[in-house]
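Overview (structure and organization)
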Amino acid sequence: MRSISILGATGSVGDSTLKLLRKHRADWRVEALTAHCSVSKLADLAREFDAKIAVVSDEACLPALREALSGSGIEAAGGRAALIEAAKRPVDITMAAIVGCAGLAPVMAAIERGGTIALANKEALVSAGEVMTRAVAEHGATLLPVDSEHNAIFQCLAGNDIAEVRMITLTASGGPLRLLSPQELERVTPDQAVAHPNWDMGAKISVDSATMFNKGLELIEAHHLFPVGLDKIRILVHPQSVIHSMVEYRDNSTLAQLGPSEMMVPIASCLAWPKRMETPCEPLDLAKIGELTFFAPDEERFPATRLARAACEEGGATPAVLNAANEIAVGAFLAGHIPFTRIAALVEDVLQKSNHPKRLDSLDDVLAVDAAARRQAQAILENK
Ligand code: NAD
Ligand code: MG
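Residues numbered from 1 in each chain as written. Chains lettered and ligands numbered in written order. Predicted model: local features only at pLDDT ≥ 70, side-chain atom pairs only at ≥ 80, totals over all residues.

So, about the sheet that holds strand β3 (residues 53–56). Judged by pairing direction, the sheet is parallel, and its seven strands sit side by side in the order β4-β3-β2-β1-β5-β6-β7 without closing on themselves. Unpaired on one side and paired on the other, β4 (75–78) and β7 (142–145) mark the two borders of the sheet. Sheet twist, expressed as the average angle between the axes of neighbouring strands with direction ignored, equals 20 degrees. Bridge count for strand β1 (residues 2–7) against strand β5 (residues 93–96) is four bridges, and the pairing is parallel. By the bridge assignment for β5, Leu7 is matched with Ala96. Across the face of the sheet, helix α5 (residues 104–112) comes into contact with β1, β5 and β6 (116–119) while running at roughly 150 degrees to β6. (Pairing = 2+ DSSP bridges. Helix = DSSP H or I, 4+ residues; strand = E, 2+ residues; numbered from the N terminus. Axes fitted to C-alpha atoms, helices over the stretch in contact; angles between N-to-C directions. Contact = placed C-beta atoms within 7 Å.)

Right, dumping it as structure tokens:
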């Protein structure tokens, strides 16, 4: 039996992880399940999986969680400190599935324990960059990439020497707005932006997918996970999302990983690693899919990947600023305060105006840059 904690258990990646655990119930013991404030869902899951502890990071939700868990024998806790404490509990694997930089401190806590972390929370790695990869090395932790592209690359690198890589190709579906004109993009509503053609995901990553910030964040994520040099990572639009990414070697051999557009597949690859486990998804039917197509990204209509590449080249605090500004911009767009095309414009504005440090040395440094960039983005929004 193996033990697992799921940070962000009530979200989309949390759901897919728990679906797998349901299928393999006898093999897993659940230690901690966390959520921001979805009390009844969290309490139901904690009871179903007989978790040791359930944590709401929003402390105001703790009384309701206590009540929902009364008589169950499951510990209830609340607040940021409790979330971090839960992430420190020893387990065989931690699923890091909180959305946004809010997940960084708990991920760092799990890393400092020297654990194995299945990382879905890309914003944490984008913001912390070397602070996180250094901590992984120092504490002997293991990061397994859940993001489908990075999981694909991880699989395509297995058994090969990374020094022999000529090019990593990150595939991108292009999102639901791929074919819209600049004028049409101006008028996109939150409902249109979150309606992803291939993947069923949380609201934030769905908007990121529509703006291509998701691919921008993934470029930075890949840069930290697979140190081949940023110039050896390119983006290719592949609307069917069948090839999840590719690695080309210097002998002109290209390895690709294919699979259904179901997060259960990369999640299973992390949970079972280095073995495999069965997933309750339909296998790929290539004859039914028929055609796979590929396009170069259009950075005029979707500037996010250009901004992310420049931020990654600059390094230091710049990717954390980009991420924080994007989180604020996505929130404002989802709340109906700004048009779709303002998301990238706001990020660019914050990047230009912020006076951030060239180097980040600690988690506190990252969190300070993140907070300052959020304040700056808010200030820009409120002045207009
Ligand atoms: P989601 O919005 O569906 O779920 C987020 C989870 O985090 C929920 O459990 C929520 O309660 C919790 N949470 C939200 N704000 C929090 C806060 N401030 N503090 C603590 N917990 C908080 O998100 P998701 O789509 O499951 O994505 C989770 C992460 O995985 C993101 O970083 C996303 O980019 C990444 N990811 C998701 C998918 C996908 O298919 N959904 C694919 C690849 C990567
Ligand atoms: Mg992805």
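That was the structure; now back to the text.
Near ligand 1, the surroundings consist of 26 residues, among which Gly8, Gly11, Ala102, Met201 and Gly202 are the closest. Among the secondary structure elements, those contributing two or more residues to the shell around ligand 1 are α1 (12–23), α6 (122–128) and α11 (203–211). It is α1 that provides the largest number of residues to the shell around ligand 1, a total of three residues. Looking at side-chain class alone, the shell around ligand 1 contains twelve nonpolar, ten polar and four charged residues. When residues of the shell around ligand 1 are assigned to domains, at least three map to each of domain 1 (2–145) and domain 2 (153–262 + 289–300). (Near = placed C-beta within 6 Å. Nonpolar A, V, L, I, M, F, W, Y, C, P; charged D, E, K, R; others polar. Domains from an automatic or database assignment.)

Secondary-structure assignment places His36 in the loop between β2 (28–35) and α2 (39–48). Since 18 C-beta atoms lie within 10 Å of it, His36 is described here as partly exposed. If sequence neighbours within four positions are ignored, His36 has contacts with Val56, Ser57 and Asp58. (Buried ≥ 20, exposed ≤ 12 C-beta atoms within 10 Å, placed from the backbone.)

Read across the sheet, four strands follow the order β9-β8-β10-β11 without closing on themselves; strand pairing throughout is mixed. Each of the sheet's edge strands pairs with one partner strand only, and the pair in question is β9 (233–237) and β11 (254–258). For this sheet the average axis-to-axis angle between neighbouring strands, irrespective of direction, equals 20 degrees. Summarising the sheet, strand β10 (residues 243–249) and β11 pair through five bridges and their orientation is antiparallel. Residue pairing for β11: Glu248 is matched across the bridge by Thr254. Across the face of the sheet, helix α8 (residues 148–157) comes into contact with β8 (165–172), β10 and β11 while running at roughly 35 degrees to β10. Set on the sheet, helix α12 (residues 213–225) makes contact with β8 and β9; between it and β8 the angle comes to about 150 degrees.

In contact at an axis separation of 10 Å, helix α15 (residues 304–314) and helix α17 (residues 342–353) are set at 20 degrees when each is read in the N-to-C sense. Looking at the two axes, α15 sits roughly parallel to α17. The hand of the α15/α17 crossing is left-handed. Here Ala304, Leu307 and Ala311 of α15 come into contact with α17, specifically with Ala344, Val347, Glu348 and Leu351. Tallied by class, residues from the contact of α15 with α17 come to six nonpolar, no polar and one charged. (Parallel < 35°, antiparallel > 145°, perpendicular 65-115°, else oblique. Left-handed = near helix turned anticlockwise from the far one by under 90°.)

Burial analysis of α8 places nine of its ten residues in the buried class, which makes it a mostly covered element. Among all positions in α8, only Ser148, Glu149, His150, Asn151, Ala152, Ile153, Phe154, Gln155 and Cys156 are buried.

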